[in-house]
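# Geometric and topological summary
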Amino acid sequence: MPEFAYTARNMAGKRVTGRVSASSEREAVTSLNAQELFPIDVSQEKERTSPFGGRVSGQVMSTAYGQMAGLLRSGVPLLRTLRVLRDQSSNVTLKRVLDDVHTRVEDGATLAAAMARHPKVFNEMGVSMVRAGGEGGFMEEALDRVASFTEQYEDLKARTVGAMAYPIFLGVAGSSVVIALMIFFVPKFGELFDRLRTRGELPMMTEWLLAISAAMRQGGIFVLVGMIVAALVVRTHLQTERGKRTLDLVKLKLPVIGGIFKTFAVARFCRVLGTLLRNGVPILKSLD
């Protein structure tokens with residue numbers, strides 16, 4: 001939800017400034033009037049990304065959500081809860097982010113609006129559920145559910161990565177062995193292959209193998225540089241929406257594992273959607 005910076009006067013005529021979250025400028029003015037503030041200037045703030053680099057692992061975030069829910073349920077005020085989490089956190093990035101969230105909440109921003117400033121740390125699902133919990137009065141339950149879902153998701157991701165680690169290792173090791181054979185060992189049989197070629201007994205597949213080996217020896221460095229450049233170009237492209245969509249389409253069309261990707265995506269969609277709806281997030285917002 002957008003944030004609006006405002007300058008207003010209270011009932012005593014004192015000039016006050018701050019921020020308010022609203023879907024439009026008119027709604028922001030209405031919110032200020034409800035607080036018995038008379039707006040002088042209301043302007044929407046430009047969206048800014050988090051100034052702090054790096055991400056925070058899902059396990060760390062799951063623990064942070066759970067601790068926040070426990071402290072709030074025990075009657076600890078929100079600002080003190082954020083200070084406690086900030087002071088106890090051993091993750092440097094999370095500590096800085098929580099310090100910024102604490103400052104913004106202290107200045108009058110909602111917890112969800114302050115969290116939304118750091119999309120690399122707080123994802124859209126967490127922000128939406130915290131916003132719904134704040135508006136519906138079930139903040140502790142919303143945080144508990146975010147913590148539970150984050151933990152389940154990280155556990156499933158860890159098991160998936162663990163299951164794929166061995167095949168990936170075999171693929172990398174096998175490819176390395178084949179490349180080493182092509183570059184260092186195949187040329188040692190060059191004289192034997194030449195005699196077979198002279199007698200016309202050299203199979204076509206072996207001819208292709210020798211040609212590939214020679215190309216790898218003579219232009220291997222260029223091939224390596226080309227692969228690195230191609231990898232960088234692909235990585236840059238995959239950071240765009242079009243690139244992500246292309247990658248997902250390719251993953252879904254892969255034989256055998258394409259079905260696994262599809263099932264995993266559908267399961268995650270249903271789990272997230274059910275969690276959001278259960279916590280009072282409207283259906284259109286949940287789908288978005």
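Remember, it's a predicted structure, so these values are computed and weren't measured experimentally.

### Structural notes on the sheet that holds strand β2 (residues 15–21)
Strand order in the open sheet formed by three strands is β2-β1-β3, and the pairing between neighbours is antiparallel. Since the sheet does not close on itself, it has two edges, and those belong to β2 and β3 (38–44), each with one partner. Across the sheet, the axes of successive neighbouring strands diverge by a mean angle of 25 degrees, strand direction being ignored.

### Let's talk about the pattern of salt bridges
Evaluation of the coordinates by the stated rule reveals eight salt bridges. Measuring nitrogen to oxygen at the nearest pair gives 3.2 Å for the salt bridge that ties arginine 104 to aspartate 100. Of the two residues, arginine 104 and aspartate 100 both sit in helix α4 (residues 92–106), four residues apart, roughly one turn of that helix. No difference in accessibility class separates arginine 104 from aspartate 100, as the two residues are buried. We note a salt bridge from lysine 251 to aspartate 248, for which the minimum N-O separation is 3.9 Å. With lysine 251 and aspartate 248 both in helix α10 (residues 241–253) and three residues apart, this pair spans about one turn of that helix.

### Remarks on the nonpolar core
Core analysis: the largest hydrophobic core is formed by 35 residues, its most contacted members being Tyr65, Val101, Leu111, Phe122 and Leu143. In contact with tyrosine 65, not counting residues within four places along its chain, are Met115, Phe122, Gly126, Leu143, Val146, Ala147 and Thr150. Counting residues in each nonpolar core, the second largest holds nine residues, with Val20, Ala28, Leu37 and Val42 among its members.

Rules used throughout
- Residues numbered from 1 in each chain as written.
- Predicted model: local features only at pLDDT ≥ 70, side-chain atom pairs only at ≥ 80, totals over all residues.
- Heavy atoms only, no water.
- Pairing = 2+ DSSP bridges.
- Helix = DSSP H or I, 4+ residues; strand = E, 2+ residues; numbered from the N terminus.
- Axes fitted to C-alpha atoms, helices over the stretch in contact; angles between N-to-C directions.
- Salt bridge = Lys/Arg side-chain N within 4 Å of Asp/Glu carboxyl O.
- Buried < 20%, exposed > 50% of the residue type's maximum accessible area, 1.4 Å probe, protein only.
- Core = buried A, V, L, I, M, F, W, Y, C linked by side-chain atoms within 4.5 Å.
- Contact = heavy atoms within 4.5 Å.

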